Amino acid sequence: MFPSPRLTVCRRALAASGTAAVLALTLAACGSSGDSSMPGMDHGAKASASASASASHSMGDMPGMDHSAGGNGLSDNKDGYRLTSPDTTLAAGKQTSYRFTVTGPDGKPVTGFAPEQTKQMHFYAIRSDLTGFQHIHPTMAADGTWSADLASLTPGSWRMFASFTPDSGAGKGKDFVLSRTVTVPGTETKTPLPAAAQSTEADGYTLTVKGTPKAGMAGPLTVTVTKDGKPVTDLESYLETYAHLTAFHEGDSEFAHLHPETEVKGGNGGPELSFHAELPTAGNWRLFLQFMTGGKLHTAALTLNVG
């Protein structure tokens, strides 16, 4: 364990039940944000998450669901707060909108949210094979109904995550990550998780990962960004950090949200990004790292294995 400043972890890695072993991580690369083998990948500020084959209303009935303190992002309810949506299916092959509401312990829609990294709501979508990542900042109507505008989705099962912090009521100041699944009709073509490697490329940038964090323990993780063999030092601020890092666990889509330790104080960043890594569960994790240069958002994907 080690101290970390304000931007260390916006959403702490959410532990799944039964996690106990301390296991070394092998860092793996998967390919660039422009990799055509990753259906649904969007290079804007969008993300997606893997899902179970079911589009049930309540995630709480899923086998192995962890309802412990902090949760793991796989339930649609926690501490009286619930994620509801009329959408259980979404059309394939075209832009679409996912509608949802967060209700509080009193059963009423929550309309007051504290900004987290400049946004009141962070929304993620990912397919069950951990492809198609989209990270969106949806808009809220006066009645508390949110609309997340999704890029084209490929057929299959998707999980939709809502990450938020109420600014009043029983959950004031607490971080929540709730999720539901939707089905996109059509013939699903699954993409195997890429093999392990220590570097990956995205939009001409090379990202090299170093570190040996342990399962269930916090530890340092460093990403070095280069281009044409030269260090990149023009990383721009994105959501109050120099990079945004989201992780999903293979098989169940357990959610983790980590950030660089270095606080943005003006000017550009790079080439090294130091992270507080705290992934609690053994198995493969798919990481999506977003960073900005020249006003353009880039998305790189990495596979981490907890042996």
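Look a little higher up for the structure.
Residues numbered from 1 in each chain as written. Predicted model: local features only at pLDDT ≥ 70, side-chain atom pairs only at ≥ 80, totals over all residues. Heavy atoms only, no water.

Caption draft 1: Seen up close, the packing of aromatic side chains. Counting across every chain of the model gives 16 aromatic pairs. On the basis of an interplanar angle of 5 degrees and a centroid distance of 4.2 Å, the ring pair of F133 and F288 is categorised as stacked. Here F133 is found in the loop between β6 (122–127) and β7 (134–136), whereas its partner F288 is found in strand β19 (residues 283–293), with 155 residues between them in sequence. Look at F133 and you get buried, because its relative accessible area is 0%. Classification of F288 as buried rests on a relative accessible area of 0%. Three or more aromatic residues joined by ring pairs make a cluster, and in this case those are Y81, Y98, F100, F113, F123, W146, F164 and F176. (Phe/Tyr/Trp six-rings, centres within 6.5 Å; stacked < 30°, edge-to-face > 60°. Helix = DSSP H or I, 4+ residues; strand = E, 2+ residues; numbered from the N terminus. Buried < 20%, exposed > 50% of the residue type's maximum accessible area, 1.4 Å probe, protein only.)

Caption draft 2: Seen up close, the pattern of salt bridges. Applying the stated criterion across every chain yields a total of five salt bridges. D129 is the partner of R127 in a salt bridge, and the nearest nitrogen-oxygen pair spans 2.5 Å. With respect to class, R127 is no different from D129; both count as buried. Shared partners join several salt bridges into a network, and the residues in it are D76, R82 and R180. (Salt bridge = Lys/Arg side-chain N within 4 Å of Asp/Glu carboxyl O.)

Caption draft 3: Just the environment of P105, in detail. Its location among the elements puts P105 in the loop between β5 (96–103) and β6. Under the relative-accessibility criterion, P105 is labelled exposed at 52%. As a C-alpha pair, P105 and A170 span 65 residues in sequence and 7.7 Å in three-dimensional space. Once you skip the residues sitting within four places of it in the chain, P105 turns out to touch D79, G80, Y81 and A170. (Contact = heavy atoms within 4.5 Å.)

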